[in-house]
Amino acid sequence: MLETRRLNDKNKVIVTAALTGAVTTKKNNPNLPTQPKEIAESALACYEAGAAAVHIHVRDDEDNASMRYDKFEEAVGLIRGAGCPVVLNLTSSGGQGFSWEERMKPFIELKPELASFDAGTMNWLNSVVFMNEPEFLELCAAEMIKAGVKPEIEVFDMGMLNTAKYYIKKGLIKEPAHFQLCLGAPGGMEATTENLLFLVNHLPEECTWSAFGIGKGANEIMMASLALGGNVRVGLEDNVYYNAGQLAESNAQFVERVKRIAGELGRTLATPDEAREILGVK
Ligand code: ZN
């Protein structure tokens, strides 16, 4: 059996709050922030609760999944304008049917520290194709280097991890890379501790990583990641329930729980500046 690998700083935990996402709606949980003002308020509350980073999606005026640049600009402007120092991570997927230009414009223009980079195409089980063709990924990686934005490599299965390693080898992604291990997506690897451990044990020699589980696997992956020295992502993008049958009150409520559990394990939450240092971003 492989020896368990950790790679990360064992004392500090970078908590990312995934505030909105593209899939969940206010019908699933009325506390989901969807418009820029709500997104910014949620980001501030998560920062105050201990999150070092926020992962941002936007919605159109009807709350549908969107890559509208004006919405990103407004949300980011409100967060920065409030003097909130949280690390910004903008999505580069946003949902279905967006052009490459729409997917890349927010990180090119707004220059967040991080932007998501989905390292492969996947069938979202029986519904849609999560399209990340090689030409898009190569262009996206090059644009991120040009904009000084670090990719947060989202990995939904082992194939995507191998694809990411290929781009690292080709120099399209610079080392040390930063990974977000996304478990429990329909069509991806299930949200189990075994799968998390498998992915962690196959990460590149030099990297940082974080993980989350979607839906019912969220708590297991959060706790396993904390135990393994990982960073964690929590929030209403991935999970509308705080516990089975109990809707979450807010994104910050998830952050507060991570802080308590991490504290019991002797780990403290990284501040945004500590997260920047760990991730090597400005
Ligand atoms: Zn996302």
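Going by the structure above, here's the rest.
Overview of the structure. (Residues numbered from 1 in each chain as written. Predicted model: local features only at pLDDT ≥ 70, side-chain atom pairs only at ≥ 80, totals over all residues. Heavy atoms only, no water.)

## Some remarks on the overall build of the chain
Tallying secondary structure elements over the chain gives nine helices and 16 strands in all. Its C-alpha atoms put the chain at 50 × 45 × 40 Å along the principal axes. The buried share of the chain, reckoned over its 282 residues, is 55%. Contacts in the chain between residues at least 24 apart in sequence constitute 73% of all its contacts with a sequence separation of at least 6. Surface summary for the chain: the accessible area is close to 12200 Å², and the carbon and sulfur share equals 52%. In the chain, the 28 positive side-chain charges and the 38 negative ones have mean positions that sit 3 Å from each other. (Helix = DSSP H or I, 4+ residues; strand = E, 2+ residues; numbered from the N terminus. Buried < 20%, exposed > 50% of the residue type's maximum accessible area, 1.4 Å probe, protein only. Contact = heavy atoms within 4.5 Å. Areas by Shrake-Rupley, 256 points an atom, 1.4 Å probe, with all protein chains shown as cover. Lys, Arg positive; Asp, Glu negative; His and termini not counted. Charge placed at Lys NZ, Arg CZ, Asp CG, Glu CD.)

## Side note on the nonpolar core
Judged by nonpolar contacts, the single largest core of 44 residues is most densely connected at Phe-117, Ile-153, Phe-179, Leu-181, Leu-196 and Trp-209. Counting residues in hydrophobic clusters, the runner-up holds 39 residues, among them Val-54, Tyr-69, Cys-84 and Val-232. (Core = buried A, V, L, I, M, F, W, Y, C linked by side-chain atoms within 4.5 Å.)

## Overview of the environment of Leu-88
Along the chain, Leu-88 falls in strand S6 (residues 87–90). A relative accessible area of 3% means that Leu-88 is categorised as buried. The sequence separation of Leu-88 and Asn-219 amounts to 131 residues, and the corresponding C-alpha distance is 24 Å.

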